[in-house]
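Analysis of the macromolecular model
Spelled out, the chains give:
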Amino acid sequence: MPRAFITGITGQDGSYLAEFLLERGYEVHGLVRHTSRLETGWLAPLTGDAGIWGRRLVAHYGSLDDLAPLQKALAAAPPDEFYHLAGQSHVGRSLEIPEATCETTGMATVRLLEILRGLPRPPRVFHASSSEIFGQPATSPQDEDTPLTPVNPYGCAKAFATQMTGIYRRIYGLFACNGIFFNHESPRRGENFVTRKICRAAAAIKVGRQKELILGDTSARRDWGHARDYVRGAWLALQRAEADDYVFATGVLHTVADVVEQAFAAVQLDWRDYVKQDAGLFRCVEPAERVGSFAKARRLLDWEPQIPFADLIREMVQSELAWSAKR
């Protein structure tokens, strides 16, 4: 039975990856913060399964600030594959706490890489990078050779972690891959991200729990995909004979207004009756339009996104409606 270890296992990407690996017969271990409530989180269905929980799915409590528990876990159950998904990942939040963001997103990655290369049998390593490393790209679409020009603390920290992952591959011989994830969403997206905010509002307005939705710049465009597609790419990256870096994206741009239109259409409402703009919510530094080319991932991994944008937003709204019905 192959064994995998996931940091950030309770988050959007980590929980989907855990499910994906369990379906393929893996034993899955994950780093979990002491404050996490597994019984109410995304892993709840798995933790309630006596045949899986504590057997094929094992939690190790710790954090990126204290890696001692992780070192013990790796020594006791050395993984074949290691997926590093954890870190402070909200751009706006990184502007408020730049030092903490650089510490947990940048330096913590180096500490992990150092621990992993010191193991008797180092695992294959996947580091989840971000399109924020491109910041203000001079060319479009962006690929694995696009220069890194981050414009915020999160992007800067991710650029550092991405480059260090490459150094550990080239200099130290670690099988280490960067997966450069463009925006990827799902019903499990954090509530402080605009897609989740829009879908939750559309559902709340439909059931009478909310009257309006206030947004910033709805003309901003992003390359949005589904998280389930991207974690599949992470797994594929570690199945190749050689380690490399890959962009995971859809290659298609959509505006925030497109998200709004799709979300309100899913509940049969005219968004123009409910959505207002607030200039105070505009970003102080709005990055240039970023759209990714997944040509390399398609060529080497046979990967491409499978879930269309409209289906993604509809799924998110339906999830919010189901949540409202339980309240």
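That block above? That's the structure.
Let me begin by describing the structure that accompanies this report. In every chain, residue numbers begin from 1 and rise along the written sequence. Thresholds applied to this predicted model are a pLDDT of at least 70 for local features of residues and 80 or more for the giving and counting of side-chain atom pairs; totals over whole chains, interfaces and linings are not thresholded and use all residues. The basis for every side-chain value is the complete set of non-hydrogen atoms in the structure, without hydrogens or water.

A short note on the packing of aromatic side chains
Given two aromatic rings, their pairing is described by the distance between the two centres and the angle made by the two planes. Applied cut-off: Pairing of aromatic rings covers Phe, Tyr and Trp, the last through its six-membered ring, and needs centres within 6.5 Å; plane angles under 30 degrees mean stacked, over 60 mean edge-to-face, and all others mean tilted. Here a helix means four or more residues in a row that DSSP labels H or I, a strand means two or more in a row labelled E, and each is numbered from the N terminus. Accessibility here uses a 1.4 Å probe with only protein chains present; expressed as a share of the type maximum, an area under 20% marks a residue as buried, one over 50% as exposed, and anything in between as partly exposed. Either the NZ atom of lysine or the CZ atom of arginine qualifies as a charge over a ring when it sits within 6 Å of the ring centre and within 35 degrees of the ring normal.
Scanning all chains against the criterion turns up 14 aromatic pairs. Summarising the aromatic geometry, the rings of Phe5 and Phe82 are spaced 5.5 Å apart at their centres and angled 5° between planes, so their arrangement reads as stacked. With Phe5 in strand β1 (residues 3-7) and Phe82 in strand β4 (residues 81-84), the pair connects residues that are 77 residues apart, well separated along the chain. Looking at Phe82, the relative accessible area reads 0%, which means it is buried. Ring centres of Phe126 and Phe181 lie 5.8 Å apart, and the angle between their planes is 40°; this geometry places the pair in the tilted category. Placement of the pair is Phe126 in strand β5 (residues 124-130) and Phe181 in strand β6 (residues 176-181), with a sequence separation of 55 residues. For Phe126, a relative accessible area of 0% translates into the label buried. In this structure an aromatic cluster arises from ring pairing among Tyr83, Phe126, Phe181, Tyr230, Tyr246, Phe248, Phe294 and Trp303. Positioned over the ring face of Trp323 is Arg200, at 4.4 Å from the centre of the ring.

Section: helix α7 (residues 194-206)
Counted only if it meets this: The length a helix should cover is 1.5 Å for every residue beyond the first. Residue contacts are defined here by distance: any two heavy atoms, one from each residue, within 4.5 Å place the two residues in contact.
Here α7 spans 18 Å end to end across 13 residues, near enough to the 18 Å set by a 1.5 Å rise per residue. Three or more residues of α7 are buried, namely Thr195, Arg196, Ile198, Cys199, Arg200, Ala201, Ala202, Ala203, Ala204 and Ile205. Tucked into the core, α7 has its buried residues touching β7 (184-185), β8 (213-215), α9 (256-265) and α11 (309-326). Gly208 occupies a position one or two residues after α7 and carries a positive phi of about 85°.

Some words on the pairing of β6
Heads up, the condition is: Paired strands are those between which DSSP finds at least two bridges. With the strands aimed away from the viewer, a crossover counts as right-handed if its path from the first strand over the helix to the second runs clockwise.
Judged by how many residues are buried, β6 sits mostly within the fold: six of six residues are covered. Neither face of β6 is exposed, since Ala176, Asn178 and Ile180 on one face and Cys177, Gly179 and Phe181 on the opposite face are all buried. In this structure, β5 lies alongside β6, joined through six bridges in parallel fashion. Across the sheet, residue Ser129 finds its bridge partner in β6, namely Ile180. What joins β5 to β6 is helix α6 (residues 153-170), and the crossover it makes is right-handed. Two strands pair when backbone bridges link them, and β6 and strand β11 (residues 246-248) are joined in this way by three bridges, in the parallel orientation. What sits directly across from Gly179, in β11, is Tyr246.

Everything listed is a geometric property; what it means functionally is a separate question.
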